[in-house]
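Here is what each chain is made of, one letter per residue.
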Amino acid sequence: MPLSREEIALVVLALADGRPFTPVQVQKSLFLASDKVASAFRSDSRYDFQPYDYGPFDRQVYLDVEGLERQGLAQVNHQPGSRWRTYAATEHGVAEGRRLAGQLTGEQRDILGTIVNLVRSLSFNDLVSAIYRAYPSMRERSVFQD
């Protein structure tokens, strides 16, 4: 059963078991999810990633996670001494995300889990470089030099 993009965002956050995502990690996780498991998304609820400074970007990702935060399912934290935020599922969000993941096929869950593990394991530079190698069109407006 396909899920809304907000529900997929929660599943992605939940697959990290409450560990935080950086902005680039949450953007690239949902970009890859949109590409690799498009069938998991309801047809009327998709992201529209466009080339930006560091590859594929959709402001809606941040709005969706902020909406999850208002529901008590995610937390958005400012990093001390930085303008960056981190994004993570709360304990309740992990439980709800796992419940929603149960509505996906086993293959969809496996792919999402692989995406989350890969994206969270790479440095900023390695992640952006890997996205550009796999999706050269997303380099179009880049400020990133690799």
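As shown above, the structure is provided for reference.
Residues numbered from 1 in each chain as written. Predicted model: local features only at pLDDT ≥ 70, side-chain atom pairs only at ≥ 80, totals over all residues. Heavy atoms only, no water.

Attention shifts here to the packing of helix H2 (residues 23-36) against helix H6 (residues 124-134). Between H2 and H6, the least distance of the axes is 11 Å, while the angle of their chain directions is 25°. By the angle between their axes, H2 is roughly parallel relative to H6. Considering the relative orientation of H2 and H6, their crossing is left-handed. Where H2 approaches H6, its residues Val-24, Gln-25, Lys-28, Phe-31 and Leu-32 are matched on the opposing element by Phe-124, Leu-127, Val-128 and Ile-131. (Axes fitted to C-alpha atoms, helices over the stretch in contact; angles between N-to-C directions. Helix = DSSP H or I, 4+ residues; strand = E, 2+ residues; numbered from the N terminus. Parallel < 35°, antiparallel > 145°, perpendicular 65-115°, else oblique. Left-handed = near helix turned anticlockwise from the far one by under 90°. Contact = heavy atoms within 4.5 Å.)

Turning our eyes to something else, we now look at H6. One full turn of an α-helix is made of 3.6 residues, so residues set three or four places apart face in the same direction. Turning to H6, its buried residues are Leu-127, Val-128, Ser-129, Ile-131 and Tyr-132. Looking at the buried side of H6, the elements it contacts are H2, strand S1 (50-52), strand S2 (55-57) and helix H5 (106-121). (Buried < 20%, exposed > 50% of the residue type's maximum accessible area, 1.4 Å probe, protein only.)

The next thing to look at is helix H1 (residues 5-14). Counting buried positions along H1 yields eight of 10 residues, so the element is predominantly enclosed. Those residues of H1 that sit buried are Arg-5, Ile-8, Ala-9, Leu-10, Val-11, Val-12, Leu-13 and Ala-14. Where the residues of H1 are buried, they touch H2, helix H3 (59-70), strand S3 (74-78), strand S4 (85-89), helix H4 (91-101) and H5.

So, about a nonpolar patch on the surface. A grouping of Tyr-54, Phe-124 and Val-143 is seen on the molecular surface, where their side chains present a nonpolar patch of about 260 Å² in accessible area. Inspection of the secondary structure puts Val-143 in the segment after H6. Val-143 sits in the partly exposed class, given a relative accessible area of 47%. (Patch = residues over 30% accessible without salt bridge, like charges linked within 9 Å, V, L, I, M, F, W, Y side chains within 5 Å. Areas by Shrake-Rupley, 256 points an atom, 1.4 Å probe, with all protein chains shown as cover. Salt bridge = Lys/Arg side-chain N within 4 Å of Asp/Glu carboxyl O.)

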